[in-house]
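Fold and geometry: a report
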Amino acid sequence: MTSTGARDSACVAIVGSGGAGALTAGSILLEAAGKAGWYGLMTRSVGPQIRGGEAAAFVRLSTHPVECIADRCDAVIAIDWRKADRFADEFALDSGSLLVGDPRGGDVPEALLRSGAATAEVPMKELAKGIEGGRPNMIALGVAAGLVGLSTELVMAVLEKRIGSKGAGAVAASRAAVEIGLDHAQRIGRPIALAAAEGAGHGRWQITGNEAAGLGAVRGGVRFAAAYPITPATELLEWLTPALAKVGGVLVQAEDELASVNMIIGSSFGGTPSLTATSGPGLALMIEALGLATASEIPIVVVDVMRAGPSTGIPTKSEQSDLNIAVHGCHGDAPHIVVAPLSVSDCVFTTQWAVHLAEAMQAPAIVLSDQFLGQTLAVIDPPAPVAFLAQRRVPDAAALAGYQRYKLAADGVSPMALPGMAAGQYTADGLTHNEKGTPSSRTSDHRDQLDKRRDKLTGFAYGDHWAQIEGDGDLVLLTWGSLTGAAREAAQRLSEAGVATRLVAPRLIAPLQVDRLQEAIAGRRVLVIEQNHSGQLYRYLRSMCDLPGEVRTLYRPGPQPIRPGEICAAAQAWRSQ
Amino acid sequence: MTAPVSGSPPGRSSAAIASVGELLAHALRMEEEAEERYRLLADQMETHNNPELAGLFRKLAGHEAHHAEEIRAQIGRMELPGLESWDHSWGGPESPEAVDFGAIRYTTTPRQALQLALDAERRAFEFFDRIAAAAGDPELKRWAAEFAAEEDEHVRLVLGELDKHPEPPRHPDDDPDPPVPQD
Amino acid sequence: MSVIEAIKLKPRDFASDVKPVWCPGCGDYHVLMSVTRALAALGTPPERVAVVSGIGCSSRIPAYTNCYGFHGVHGRSLALGTGLKVARPDLTVLVMSGDGDGFSIGGNHFLHACRRNVDLTYVVMDNRVYGMTKGQPSPTTEPDWDSALAPGGTGLRPFHPLVIALASGANFVARAFSGHPDETARIIVEAVRHPGFSFVEVLSPCVTFRPDQSEWKDLVHAAPVEATDDPARAARRIMTDDGFNIGVLYRGNRPPGTPQAGAAEVDVAELDREFAI
């Protein structure tokens, strides 16, 4: 690794089609970088095919934790160029970029060349043929490793773990291919070497947001999950299947989302902290049952891994466009909890917190993750265990004497009897009911129970977790969810450029902590940043808070993520006016 | 056990009752079920705002509860066979004295209700009378005849009540309010 | 046997003090009676029984029992009951529904509950009409039944729940008649005891919108043959009977679906290990 002039962040894309193995190469590169002590993340972009499509792995590596994709790619390594122009926008190339391709894998697409990027050729297919069992994607991996300054040994340490079971021959073939790739990277002579990592990589984790959300759920006490597959949430459910089995829980595959959400209402009624995960179309189907969980005061957690909508939208691409339905989707007045994790790592904390909040307040909680968080593979510091656990208030002997399930309580939370408790029998009901749970259409019962369900949420002590607030500048970058990483990076750059900024990212979307939010932004200029077509967060804030006089917005839909540079540009443009 | 034939209602023949213990178990169950039904019907009528009929059913329930008490006293410490409700040999699917729930409407008049009660008491009489006639065991015959005589007395009491309840002019299906949609 | 064990639970122990809103004469009153009798006979204390329902006249039943109850949303009672039973296999779970709730809006869940074969009992009170909304045709309504929503009738072939249950994998299939509460109670007891998913269709007349169903009491009759364990034979019998054959019609041998939580093998912290680089 070079020491002088080395950068602290680099982004390499590996692209290929027809089962070339670009995504595999990318994930090995990321893990090897993790072993070297760097942080990083890998996102992916794919064609519509289930098998054999064109695919690009975007690997961003850094000397410090990173939570968003880079503004630009330093290098694209193409196992072949077939249909790679599909990714032209995502590559975000410029004249400093490098395009490395196999001359037998087609011409470099015109759309890429227009960027002014330099080109280099590595005949990966030809070179792979010279190795028994050699594969072009391992040569591409070697090229990428060589460009960023990773050693053969680190790459091989990962490869041995991954393919060791295939035998010494396969490992040797990969080693030969990686070494050839490294050698060619040297010959290209345009290193994009990263500075040495701060601290060793020992103990770092490699995890996706979907896995992280699953882990947070289990840490929080979830022991039942119901699952209906949907992109991009499926991996969360697949991760939970063996994980729950190991810790004494169970997952059931449901026939549809109507069933999955009702299944978790049933299991939670039985006393088991319960969760399901879905994406926008599934959340739409679950909305009626979320109202039931609200009315019958059954704690459940629904993770919505948002994708571009409406309707089927773009299943494999991220968007923050389910805020409206998550907050306002239910018919009637149905207060419930909505939280949003702020990074891949934060998916652990926020999902665990959601379990805790749902159980403590006996209400449904929606976790608004998104495709970016869910499917990004990140190298992170291990998330520290936190104390939030599922703790449901159940009746003691005194409360069971003349038990009233929905008894009005000072904090709105009444002890919930669980099947098996003698004298605790009640019927949970979506019909308006009295304190005992008996259906009622009396004005007073309706009002009292609506008040109870509102007050238990608004009166809860959420602590400092309601938002992430960093910096004390005059300009507030107010964002949420997966854009927090990009906004943080923008804030840092702006501060370095002399624009003092403050980052405000609410984790608790509903109930909105209006007073604390207003305090955090009072007397400052506010730029509201979000990834959707209609400014859903901005409109929500407008409906709830008195925003300061100077408020601007930066919102646009997916599928292209909002990157730090775009945020910086918006802030600078405002400043220069 | 013979397989029931198509068209037959469920339920075992009363000919299966072969001991005084079994007979007493049936007699007690019959009164308990009758009491339960009248009590539930009284509840139904209270819910549906027919206090007159509710009162009548409550009264009939009281009578049946009293009859059940009397039989319990007669049973004393005698050991009875433990039968589930469906193990009884009524000669039909239901206890003979069970008033027909399906025939009740919220607009049912006291006279119509008494008519249903009369039908139930008559079925109860026929049940015991049939056993008394067929019994070979003199002790069983004596008990069955005694119960039959009591049911016959109940029939006469209900007939007496019927005389006090002439049919009112309002037709039971006359309901100026239409059904109301709910859930 | 101890004194406490000797105290036998009575049907009244399973009834709540909430008074039903059903029309007097409704078959569902009988079904409630059958359920409390069945539960008393089963002897499971009321706090270890859960009665789960959806929406409709029949679905009002949980609150009328003294068990744990759930009156959920329209059509989803089987899903809710499945989640409860899988999470709490120690409970006796009865799912109660009607022909609209169970076969129309909840039709998909019916198929999959049969197929999943979780050990619960599904009782559908079939009166071939939507009662709560004032008399619209349901999936089991006769094609020529006249109503405001379908003047002159739907012209549609009625859904055949028993055959669909068989085809979908239910492990116990029975037809009962509400007017015979003892026999219905006996069938429910057997359904609960039978492993896997048990389906009981109870013909339960609607006196308000289907007064013609008062003739059912004269039409029902005991099934002429013993239940079979051959689903094909059972299906043939059910498809060719007159629709008023009462009794257990199929007793299957499929092992129950067992997505069941086992003992915890590891501490939660162990799950961290797979993420370490």
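Residues numbered from 1 in each chain as written. Chains lettered and ligands numbered in written order. Predicted model: local features only at pLDDT ≥ 70, side-chain atom pairs only at ≥ 80, totals over all residues. Heavy atoms only, no water.

Quick look at helix H5 (residues 136–148) of chain A
Residues and elements named next belong to chain A. The terminal C-alpha atoms of H5 lie 19 Å apart, and with 13 residues this matches the ideal 18 Å at 1.5 Å per residue to within 8%. Counting buried positions along H5 gives twelve out of 13 residues, so the element sits mostly inside the fold. Residues of H5 that are buried: Asn-137, Met-138, Ile-139, Ala-140, Leu-141, Gly-142, Val-143, Ala-144, Ala-145, Gly-146, Leu-147 and Val-148. The first or second residue beyond H5 is Gly-149, which carries a positive phi of 95°. (Helix = DSSP H or I, 4+ residues; strand = E, 2+ residues; numbered from the N terminus. Expected span 1.5 Å × (residues − 1). Buried < 20%, exposed > 50% of the residue type's maximum accessible area, 1.4 Å probe, protein only.)

Observations concerning the packing of helix H2 (residues 51–75) of chain B against helix H4 (residues 138–164) of chain B
Residue and element names in this part refer to chain B. With their axes 13 Å apart at the nearest point, H2 and H4 run at an angle of 165° to one another. With respect to their mutual orientation, H2 and H4 come out roughly antiparallel. Relative to H4, the crossing made by H2 is right-handed. Of H4, the residues touching H2 (which contributes Lys-59, His-67, Glu-70, Ile-71 and Gln-74) are Trp-143, Glu-146, Phe-147, Glu-150, His-154 and Glu-161. Here the residues of the contact of H2 with H4 sort into three nonpolar, three polar and five charged. (Axes fitted to C-alpha atoms, helices over the stretch in contact; angles between N-to-C directions. Parallel < 35°, antiparallel > 145°, perpendicular 65-115°, else oblique. Left-handed = near helix turned anticlockwise from the far one by under 90°. Contact = heavy atoms within 4.5 Å. Nonpolar A, V, L, I, M, F, W, Y, C, P; charged D, E, K, R; others polar.)

Some words on the sheet that holds strand E7 (residues 221–222) of chain C
Reading across from one edge, E15(A)-E2(C)-E1(C)-E3(C)-E4(C)-E6(C)-E5(C)-E8(C)-E7(C) is the order of the nine strands in this open sheet, with mixed pairing throughout. Strands at the two margins of the open sheet, each flanked by one partner only, are strand E15 (427–429) of chain A together with E7 of chain C. Most of the contacts of helix H11 (residues 280–296) of chain A go to E15(A), to which it runs at about 130°, and overall it touches E15 of chain A together with strand E2 (68–71) of chain C. Sheet strands touched by helix H3 (residues 77–87) of chain C: strand E1 (49–53), E2, strand E3 (92–98) and strand E4 (121–126) of chain C. Its angle to E3(C), the strand with the most contacts, is close to 175°. (Pairing = 2+ DSSP bridges.)

Brief notes about the environment of Asp464(A)
All names here are of chain A. With respect to the helices, strands and loops of the structure, Asp-464 is situated in the loop between helix H16 (443–458) and strand E16 (467–470). By relative accessible area, which is 63% here, Asp-464 ends up exposed. Separated by 104 residues in the primary sequence, Asp-464 and Cys-568 have C-alpha atoms spaced 27 Å apart. Within the local environment of Asp-464, its side chain forms a polar contact with the side chain of Arg-516, the two groups lying 3.2 Å apart. (Polar contact = N/O pair within 3.5 Å; in protein donor to acceptor, adjacent residues only side chain to side chain.)

Considerations on the interface of chain A and chain C
Facing 57 residues of chain A, the contacting portion of chain C comprises 45 residues. Of the roughly 4300 Å² buried at the junction of chain A and chain C (both faces included), carbon and sulfur atoms supply 64%. Three residues, Lys246(A), Glu255(A) and Gln425(A), lead the burial of chain A against chain C; their summed loss comes to 15% of the area buried on that side. For the interface between chain A and chain C, the tally reads two salt bridges. Asp272(C) serves as the salt-bridge partner of Arg219(A), at 3.3 Å between the closest nitrogen and oxygen. On the surface where chain A and chain C come into contact, there are 24 residue pairs in polar contact (both at pLDDT 80 or more). Counting only elements with at least two residues in the side of chain A that touches chain C, the list comes to helix H1 (22–35), strand E7 (205–208), helix H8 (209–220), helix H9 (234–246), strand E9 (250–253), helix H10 (257–269), H11 and E15 of chain A. With eight residues, the single largest contributor to the side of chain A that touches chain C is H10(A). One ladder, built from three bridges, connects E15(A) with E2(C); its direction is parallel. (Buried area = accessible area lost by both parts, 1.4 Å probe. Salt bridge = Lys/Arg side-chain N within 4 Å of Asp/Glu carboxyl O.)

Some remarks on the confidence of the model for chain C
In low-pLDDT regions, the fine details of the predicted coordinates are not to be read closely. All names here are of chain C. For chain C, per-residue confidence averages 95 on the pLDDT scale, and residues scoring 70 or more make up 98% of the total. Note on residues 1–5: pLDDT under 50 across the span, and one contact to partners over four residues away in sequence or across chains. Complex prediction metrics read pTM 0.96 and ipTM 0.97. (pLDDT = per-residue confidence, 0-100.)

Some details on the domain arrangement of chain A
It is common to give the size of an interface as the accessible area that goes away when the parts come together. By domain assignment, chain A separates into domain 1 (9–188), domain 2 (206–380), domain 3 (393–460) and domain 4 (464–576). Put simply, the middle of domain 3 of chain A and the middle of domain 4 of chain A, counted by C-alpha atoms, are 39 Å apart. (Domains from an automatic or database assignment.)

Overview of the interface of chain C and chain B
The partner chain B presents 35 residues to the 37 residues of chain C that form the contact. In this assembly, chain C packs against chain B so that about 3000 Å² is buried in total across both faces, 59% of it on carbon and sulfur atoms. If you look at where chain C meets chain B, you find four salt bridges. With a closest N to O distance of 3.8 Å, Asp43(B) and Lys19(C) form a salt bridge. For the interface between chain C and chain B, the tally reads six residue pairs in polar contact (both at pLDDT 80 or more). Looking at the side of chain C that touches chain B element by element, the count peaks at six residues for helix H7 (residues 181–193) of chain C. In terms of residue class, the side of chain C that touches chain B is made up of 18 nonpolar, nine polar and ten charged.

Observations regarding the sheet that holds strand E2 (residues 39–46) of chain A
All names here are of chain A. If you walk across this open sheet you meet the eight strands as E6-E5-E4-E1-E3-E2-E14-E7, and the pairing is mixed. Of all strands in the sheet, those with a lone pairing partner are strand E6 (118–121) and E7, marking the two edges. Taken over all neighbouring pairs, the strand axes of this sheet differ in orientation by 15° on average, direction set aside. Note: strand E1 (residues 9–16) against strand E3 (residues 55–62), eight bridges, orientation antiparallel. Residue Val-12 lies in a different strand from E3, and its bridge partner there is Val-59. Packed on one face of the sheet, H5 meets E1, E3, strand E4 (75–78) and strand E5 (98–101) and runs near 160° to E4.

Some remarks on the packing of aromatic side chains
Enumeration according to the criterion identifies 30 aromatic pairs over all chains in this entry. With a centroid separation of 5.4 Å and 25° between ring planes, the pair formed by Phe103(C) and Phe159(C) is classed as stacked. Taken together, the residues Phe103(C) in helix H4 (residues 99–105) and Phe159(C) in the loop between E4 and helix H6 (161–168) connect sequence positions 56 residues apart. Every member of this aromatic cluster is reached through a ring pair, and the members are Phe269(A), Tyr403(A), Tyr406(A), Tyr426(A), Tyr68(C) and Phe70(C). The ring of Tyr39(A) carries the charged tip of Arg204(A) above its face, separated from the ring centre by 3.8 Å. Directly above the aromatic system of Trp574(A) lies the positively charged group of Arg525(A), at a separation of 4.9 Å from the ring centroid. (Phe/Tyr/Trp six-rings, centres within 6.5 Å; stacked < 30°, edge-to-face > 60°. Lys NZ or Arg CZ within 6 Å of the ring centre and 35° of its normal.)

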